[in-house]
Amino acid sequence: MTLDQMTQWFGWMLAINLIMYAAACAVVIGAPGWLERIHGRMFEMESADLRRLYIGYLATYKILLIVFSFTPWLALQLMG
């Protein structure tokens, strides 16, 4: 696999993950009541606990996105 192919691979991976992260943020921010009702019934959890879990999920997703998608893409961009 060439440097160009790897750069493209990580670029597309970054783009797809950014879209998925933006969609997750939009749902958590845009429809919190709906989301909390569904998950509250499914897992029998309080609204405050669910909000903490949502924030933890988004934070973990962002860190993993930076470490496994953005950083390799940036390194490959700087090398090429």
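The following paragraphs examine the structure supplied in this document. (Residues numbered from 1 in each chain as written. Predicted model: local features only at pLDDT ≥ 70, side-chain atom pairs only at ≥ 80, totals over all residues. Heavy atoms only, no water.)

**Section: the overall build of the protein**
Phase 1 of the analysis: Counting its secondary structure elements, the protein contains three helices and zero strands.
Phase 2 of the analysis: At 17 Å, the protein has a C-alpha radius of gyration far larger than the 12 Å of a compact globule built from 80 residues.
Phase 3 of the analysis: For the protein, the spread of C-alpha atoms along the three principal axes comes to 50 × 20 × 15 Å.
Phase 4 of the analysis: Evaluated residue by residue, the protein yields a buried proportion of 22% over its 80 residues. (Helix = DSSP H or I, 4+ residues; strand = E, 2+ residues; numbered from the N terminus. Rg over C-alpha atoms; globule rule 2.2 N^0.38 Å. Buried < 20%, exposed > 50% of the residue type's maximum accessible area, 1.4 Å probe, protein only.)

**Remarks on the pattern of salt bridges**
Phase 1 of the analysis: Using the criterion set out here, one finds two salt bridges in the structure.
Phase 2 of the analysis: Between R51 and E36 there is a salt bridge, with the nearest N and O atoms lying 3.0 Å from each other. Of this pair, R51 sits in helix 3 (residues 47-79) while E36 sits in helix 2 (residues 32-43), and the two are 15 residues apart along the sequence.
Phase 3 of the analysis: Given a relative accessible area of 45%, R51 falls into the partly exposed group.
Phase 4 of the analysis: Salt-bridge contacts for D49 lead to R52; the nearest nitrogen and oxygen are separated by 2.9 Å. Of this pair, D49 and R52 both sit in helix 3, separated by three residues, roughly a single helical turn.
Phase 5 of the analysis: When its relative accessible area of 56% is taken as the criterion, R52 is described as exposed. (Salt bridge = Lys/Arg side-chain N within 4 Å of Asp/Glu carboxyl O.)

**With respect to helix 2**
Phase 1 of the analysis: Taking 1.5 Å per residue as the helical rise, helix 2 with its twelve residues ought to reach 16 Å, and the 16 Å between its terminal C-alpha atoms agrees with that figure.
Phase 2 of the analysis: Regarding helix 2, the residues found buried are L35, E36 and G40. Projected onto a plane normal to the axis of helix 2, the buried residues spread over an arc of 125° and lie on a single side. In helix 2, the exposed positions angled more than 90 degrees off the buried face are occupied by R41 and M42.
Phase 3 of the analysis: Each element contacted by the buried residues of helix 2 is listed here: helix 1 (3-30) and helix 3.
Phase 4 of the analysis: Taken from the residues just after helix 2, E44 is the one with a positive phi, measuring 50°. (Expected span 1.5 Å × (residues − 1). Arc of directions from axis to C-beta. Contact = heavy atoms within 4.5 Å.)

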